[in-house]
Amino acid sequence: MPEEIKLPHSANPRVPAPQFPFRHMLPLQMRFNDFDMLGHLNNAVYIQFFDLGKSSYFQDVLPQAVDWKHINIVVVNINCDYYAPTYIHESVAVVTTVTRMGEKSFSLEQRIVNTATGEVKCVARTVMAGIDLTTGKSAPIAEEWIEALQRYERRAL
């Protein structure tokens, strides 16, 4: 099982402390066209990075069970708070953890962080819901997912 990720503490007092430890980190590769005219990472790219982090997280949590053509969870809400610009010369990663588990939905917290300084660039809170792929209606989160997420996070959800 993955260990808790130790990142340097962000010095920005506006960044909320994480509610739970992070056990998943995905280093990110930035491309020239990810940046705006001011040399900052474009806001929309952060969402793409969070999607990459979620995909990698779920693959690590459920390596045999994630069938990307028939995945039965969907994003129903995402909120981002931006704290600092990201520049092309920085090394950044996305960290991911589950913060809440319900019967038909669960929540994730993800952060884009500078891996050298610990500076938090952006924090996202995402709600994912179970879906019945045949009806398109909400459905309970599969027990297999709940058990795997609890094992990975090393805590009851």
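None of the values given here were measured: they were computed from a predicted structure. Residue numbers restart at each chain and count upward from 1, following the sequence in its written direction. For this predicted model, a pLDDT threshold of at least 70 governs which residues receive local features, and a threshold of 80 or more governs which side-chain atom pairs are given and counted, while totals over whole chains, interfaces and linings are taken from all residues. As a rule here, side-chain values come from all non-hydrogen atoms in the structure, and water together with hydrogens is ignored.

1. Side note on the confidence of the model for the chain
For residues with low pLDDT, the predicted coordinates do not support detailed interpretation.
Then, number 1: Per-residue confidence for the chain gives a mean pLDDT of 93; residues scoring 70 or more make up 99%.
Then, number 2: For every residue, the predictor states its confidence as a pLDDT score lying anywhere from 0 to 100. Strands are runs of DSSP state E lasting at least two residues, helices are runs of H or I lasting at least four, and both sets are numbered from the N terminus onward. Predicted confidence in the chain is weakest over helix 2 (residues 143–153), with a mean pLDDT of 94, and strongest over strand 3 (residues 92–101), with 98.

2. Quick notes on the pattern of salt bridges
Then, number 1: Any carboxyl oxygen of Asp or Glu that lies within 4 Å of a side-chain nitrogen of Lys or Arg is treated as forming a salt bridge with it. The tally for this structure, following the rule as stated, stands at 9 salt bridges.
Then, number 2: Notably, a salt bridge pairs aspartate 34 with arginine 31, separated by 2.8 Å at the nearest N-O pair.
Then, number 3: Among the ionic pairs, lysine 121 bridges to glutamate 90, the shortest N-O distance being 2.7 Å. Here glutamate 90 lies in the loop between strand 2 (73–82) and strand 3 and lysine 121 lies in strand 5 (residues 120–130), a separation of 31 residues in the sequence. Here the two residues lysine 121 and glutamate 90 agree in accessibility, since each one is buried.
Then, number 4: Among the ionic contacts, a cluster of salt bridges with common partners joins Glu90, Glu119 and Lys121. In this scheme, a residue with accessible area under 20% of its type's maximum is buried, one over 50% is exposed, and one in between is partly exposed, where area comes from a 1.4 Å probe on protein chains only.

3. Quick word on the nonpolar core
Then, number 1: Core analysis: the largest hydrophobic core is formed by 18 residues, its most contacted members being Tyr57, Phe58, Ile73 and Phe106.
Then, number 2: Those elements that place two or more of their residues in this core are helix 1 (43–61), strand 3, strand 4 (105–114) and helix 2.
Then, number 3: Top contributing element to this core by residue count: helix 2, with 5 residues.
Then, number 4: Any two residues whose heavy atoms approach within 4.5 Å are treated as being in contact. Once residues within four sequence positions are removed from consideration, phenylalanine 106 is found in contact with Phe58, Ile73, Arg100, Met101, Thr126, Val127, Met128 and Ile141. Residue types Ala, Val, Leu, Ile, Met, Phe, Trp, Tyr and Cys, when buried and joined through side-chain atoms within 4.5 Å, form a set referred to as a nonpolar core.

4. Things to note about the sheet that holds strand 5
Then, number 1: At least two DSSP bridges between two strands are needed for those strands to be called paired. Within the open sheet, the 5 strands sit side by side as 1-3-4-5-2. Their pairing is antiparallel. Edge positions in the sheet fall to strand 1 (24–27) and strand 2, since each of these pairs with one other strand and no more. Across this sheet, the average inter-strand angle for adjacent strands is 25°, counted without regard to direction.
Then, number 2: Where strand 4 and strand 5 come together, 9 bridges link them in antiparallel fashion. From the neighbouring strand, serine 107 faces strand 5, where its bridge partner is valine 127.
Then, number 3: Note on definitions: angles span 0 to 180 degrees between N-to-C directions of axes, and those axes are lines fitted to C-alpha atoms, for helices only across the stretch in contact. In the packing of helix 1 onto the sheet, the strands contacted are strand 1, strand 2, strand 3, strand 4 and strand 5, and the crossing angle to strand 4 comes to about 120°.

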